[in-house]
Amino acid sequence: MAELLFIATTVFVAYVLFEVVGSSKKESSSTQLPASKPDSNPTPAATSAEEVSTVAEIAKPVSKESTKVETKTAKTSPAKPKKAPTKKVEPQTPADSLKNPKTGEVAKVPGNYAFAKRWIKDALVEEGLLDKVYKNNELDDDVTAKIQEALQQLKAMKKYQ
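Criteria and thresholds
- Residues numbered from 1 in each chain as written.
- Predicted model: local features only at pLDDT ≥ 70, side-chain atom pairs only at ≥ 80, totals over all residues.
- Heavy atoms only, no water.
- Core = buried A, V, L, I, M, F, W, Y, C linked by side-chain atoms within 4.5 Å.
- Buried < 20%, exposed > 50% of the residue type's maximum accessible area, 1.4 Å probe, protein only.
- Helix = DSSP H or I, 4+ residues; strand = E, 2+ residues; numbered from the N terminus.
- Contact = heavy atoms within 4.5 Å.
- Lys, Arg positive; Asp, Glu negative; His and termini not counted.
- Salt bridge = Lys/Arg side-chain N within 4 Å of Asp/Glu carboxyl O.

Draft legend 1. Seen up close, the nonpolar core. Counting residues in each nonpolar core, the largest one holds 16 residues, and the members touching the most others are Ile120, Leu124, Leu130, Ile147 and Leu154. At the level of elements, helix H4 (118-126) and helix H5 (141-156) are the ones that each hand at least two residues to this core. Filtering out sequence-adjacent residues up to four positions away, Ile147 remains in contact with Tyr113, Leu130, Tyr134 and Leu139.

Here is the structure:
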C-alpha cells in the first residue's frame, strides 16, 4: 500500500511541475506581440511635405564619383596570405602518457601496476625492464618500487612517446 501511495504522489508532483512549467511558457509567449498581427490603427500614407522631401532625397541618384570609388573598392580584394608549406608533424603524446607503437593507442601512465593496460605490462617485459608480467597477488613493496622505476624508464623511451 505504501508503494502505491508513493507512486501516486510522484505522479501528482510530476503533473504539477509539468503544468507550472507549461503555463509559464504560455504566459511568456502571450506577453510578446506576434509579428503577423495587424495593427488596429493603420498609419495613413505619407502626405506631409516633410515626408515627401525625405523620400525624394533618398531617391536621388548618386554621383558618378562615388560610384567609381565603390566599384574600385568592390573589385580589389584583400590579398590572401600564402600558406607556408607545413611539415607533417606527429602529434606529441602528453608527458604522462604512453603510446603503443604497434597500434598507436595512447594510454596514461598508471599510478598502480594493477590498473595498467595489458600492452604496457607486455612492453615492460619486452624491453627487459621487468622479468615477467606480475599478477596482483604477487605485488609487494619491493616489486612495486621496481615496477615504478621500470614505468619511468619506459616513459623516457622515444619509442613509446
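Draft legend 2. Molecular detail of the side chain of Lys121. Looking at the secondary structure, you find Lys121 in helix H4. At 8.5 Å, Asp122 is the nearest oppositely charged side chain to Lys121, a buried residue that forms no salt bridge. Setting aside anything within four residues of it in sequence, one finds Lys121 in contact with Tyr113, Ala114, Ala116 and Val133.

Draft legend 3. Inspection of the pattern of salt bridges at higher detail. What the rule picks out here adds up to seven salt bridges. For the salt bridge of Lys117 with Glu105, the shortest nitrogen-to-oxygen distance reads 2.9 Å. One end of the pair, Lys117, is in the loop between strand E2 (106-108) and H4; the other, Glu105, is in the loop between strand E1 (97-99) and E2, and twelve residues separate them in sequence. With a relative accessible area of 41%, Lys117 lands in the partly exposed category. On the accessibility criterion, Glu105 (30% relative accessible area) is partly exposed. One salt bridge in this structure joins Arg118 and Asp122, with 3.9 Å as the shortest N-O distance. Here Arg118 and its partner Asp122 are both found in helix H4, four residues apart, which amounts to about one turn of the helix. Relative accessible area serves as the criterion here: at 53%, Arg118 is assigned to the exposed category.

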